[in-house]
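# Working through the structure, step by step
Listed below, chain by chain, are the residues.
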Amino acid sequence: MTDSDLNQQQWVDFLKEVTFFSEVGKSSLQQLCKHLQKEHFDADDRIIHKGDVGDAMYVIYEGKVKVHDKDHLYITLSQSECFGEYALIDDEPRSASVTAMEETTLLKIGTAHFVELITTDRGFAQGILSVLIKRHRELDIIQERLTVSKRDLELANSKMMGLINGAMDAIIMFDSNFRILVANASAKEILENEDVIQRNILFFMDEESAHLLEKLVSEDLDGEGNGMNTYLPKVVKVIGSKETATLNEGTISRYGNEKKSFYTLILRNIDERLQAENKINSLKNQTQYLQEEIKELTSGYGIIAKHRSMKKVLDLIERVAQTGATVLIQGETGTGKELVARAIHMASDRHEKPLIRINCGAIPENLIESELFGHEKGAFTGATASRKGRFLLADKGTIFLDEIGELPLALQPKLLRVIQEGEFDPVGSSDTVKVDVRIIAATHRDLLQFSKEGKFREDLFYRLNVFPIQIPALRDRGSDVCLIANQIMGQYSGKLNKEINLLTKEEEQLFLNYSWPGNVRELQNLVERAIIVSQNGQVDWESIIPNALKEQATELSTEGDYIFTSQEWVTMEKENILRALRKTNWKISGEKGAAVLLGLPPTTLTSKIKALGITRPV
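Below: a short report on this structure.

About the thresholds
Residues numbered from 1 in each chain as written. Predicted model: local features only at pLDDT ≥ 70, side-chain atom pairs only at ≥ 80, totals over all residues. Heavy atoms only, no water. Axes fitted to C-alpha atoms, helices over the stretch in contact; angles between N-to-C directions. Helix = DSSP H or I, 4+ residues; strand = E, 2+ residues; numbered from the N terminus. Parallel < 35°, antiparallel > 145°, perpendicular 65-115°, else oblique. Left-handed = near helix turned anticlockwise from the far one by under 90°. Contact = heavy atoms within 4.5 Å. Pairing = 2+ DSSP bridges. Salt bridge = Lys/Arg side-chain N within 4 Å of Asp/Glu carboxyl O. Buried < 20%, exposed > 50% of the residue type's maximum accessible area, 1.4 Å probe, protein only. Expected span 1.5 Å × (residues − 1). Core = buried A, V, L, I, M, F, W, Y, C linked by side-chain atoms within 4.5 Å.

## What about the packing of helix α17 (residues 480-495) against helix α19 (residues 519-533)?
Where α17 contacts α19, the axes come no closer than 9 Å and their chain directions differ by 45°. With respect to their mutual orientation, α17 and α19 come out oblique. Here α17 runs over α19; the crossing is right-handed. Counting all contacts with α17, which are made through V481, I484, A485, I488, M489, Y492 and S493, the residues of α19 involved are V520, L523, Q524, V527, E528 and I531.

And the structure:
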């Protein structure tokens, strides 16, 4: 142990015997002693001058001092006594001078550190408050000894009470008969009564809490308790005069003497904390849905729009975001429909609430109703517990219904009811649930044509189509494809820890020449693959972009002596089949099918598609 640690321990033991700190625990005193200053004075040295503004209080460690005004002596103080305490609660000039009567050592306690401990250390505050209340009851004696005026006493008392009333916790002092002696502003608030002095504290508690308090006080008076300076073992329920109930945790301590005991009850309202815990439990249900969304939101790239077609989309987003209108986003697969939905949500007044996403085409038909609207325990086989649906999770927020064209016909009336009435019945429940949800839907289908074919309800289509937004395909956005490619390259190069050079003018032309049937999603996958195979920051884009490879092969075919490798033939055949499939919208057989264009039997084409690993973009 260092000399400094030894000094601090000695000071803690010394301060524990000082009346002013007698109710403060040793751990709190250790924090106080970290900032103590030890000062020495010779006989007749002036310690405090009358009229000076105080910034500290003093404890006499050794020696003796006198409190006086010129030749008028108020009092003499010796070891373990304090002076200058008012400097802890105000910045008024000192009302008297203090002079050393002999060689004296003082412990100086700065106002700033004392106030910090009062604010942050509950045990320290509770101990000091207990002593202050005791002093408050002895003010008459102090008045006689110090001959101060009644006005000064009232001012000191109000400042002490200000310290108590300024506390956010409810502070209630009561006697052994449970009669309230002091109650601060926070206490009067939870008791819902401004006139509580001399009232029985037990009358403001429910039966269980009142019994607990009676037991603690009774055990203390009988000497059966383990000391009255402890946390309450249970949560206390306080019922105010207006019947408002609050749940509180707290501490209780005793002060007084052998003849009479008084108690300090400090209560902290935990209703908000319990509500927060309930909210956290509710949010746990949302977490599984939001994790993927949060990951995407932090990916770093958003909507890049320099082409007029996409700027028009951004303009529509701004116009509709602040309204509550239902939005239908249409566009090819991979064009960024979900990104537009997020932009609408974040620009709306619901941005602090959740955006819940569901892909209507990715969930089995027998489960999607439960996913959307929730279910009660036992509603169907396997429903071992009740579950909130995504509409309820999105309450006060936004729900994004991706691939709405895949929603089963049988479920569409229930969705129509939510849009029109803002209500639904969970599966297996007869109770109607009300929600306030903004609906954004997306599809790559022609819903109007679907409705004419009986595959989608016409009334639901018109309800969804209040504010349509058509997202252009990537091939129709001009140089946006190069800007997006460079942005994605920056993201993936950091993610994959590989430096990559941005596109040159010649390389940009390769991107502009390709039709991008998979749109931005295809671009993302292509760029990621390119960075993985890159060397020294260089990418052979002609071998990565399908169109570029085909053009290269065509140029080589004009040279009569060029011999194609088997891999080149496979690549060209795969590209040729893909081109035919795109042109026929992936229809294989029939008069307008890809097999006719290629001059192949449908069965042969199907075999080639499997052999070449050709899959339709999602």
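## A few points about the sheet that holds strand β3 (residues 56-62)
With antiparallel pairing, 4 strands are arranged side by side in an open sheet as β1-β8-β3-β6. A single partner strand is all that each edge strand has here, and the edge strands are β1 (37-41) and β6 (82-83). Taken together, the 6 bridges between β3 and strand β8 (residues 104-110) define a ladder with antiparallel strand orientation. Paired with A56 across the two strands is G110, which belongs to β8. Contacts between helix α3 (residues 111-120) and the sheet are confined to β3 and β8, with β8 contributing the most and set at about 55° to the helix.

## A short note on the pattern of salt bridges
Summed over all chains, the structure comprises 25 salt bridges. In this structure, K414 and E369 form a salt bridge, with 2.8 Å as the shortest nitrogen-oxygen distance. In this pair, K414 sits in helix α14 (residues 412-421) while E369 sits in helix α12 (residues 368-373), placing the two residues 45 residues apart along the sequence. For K434, the salt bridge is made with E423, and the minimal N-O distance between the two is 3.0 Å. Highlighted residues: K434 in strand β19 (residues 433-434) and E423 in strand β18 (residues 423-424), separated in sequence by 11 residues. A relative accessible area of 57% places K434 in the exposed class.

## A word on α19
With 15 residues, α19 extends 22 Å between its outermost C-alpha atoms, agreeing within 8% with the 21 Å of an ideal straight helix rising 1.5 Å per residue. Considered for burial, the residues of α19 that qualify are N519, V520, E522, L523, Q524, L526, V527, A530 and I531.

## A word on the nonpolar core
One finds L15, F20, F21, V59, F114, F124 and I128 to be the most contacted residues of the largest nonpolar core, which totals 34 residues. Those elements that place two or more of their residues in this core are α1 (3-16), α2 (26-33), β3, β8, α3, α4 (122-137), β9 (170-175) and β14 (261-269). Here the element with the most residues in this core is α4; it accounts for 6 residues. Ignoring any residue separated from it by four or fewer positions in sequence, one finds V59 in contact with F14, L15, V18, F21, E81, C82, T105, L106, L107 and I109. Grouped together as the second largest cluster of nonpolar side chains are 31 residues, I363, L372, L415 and L460 included.

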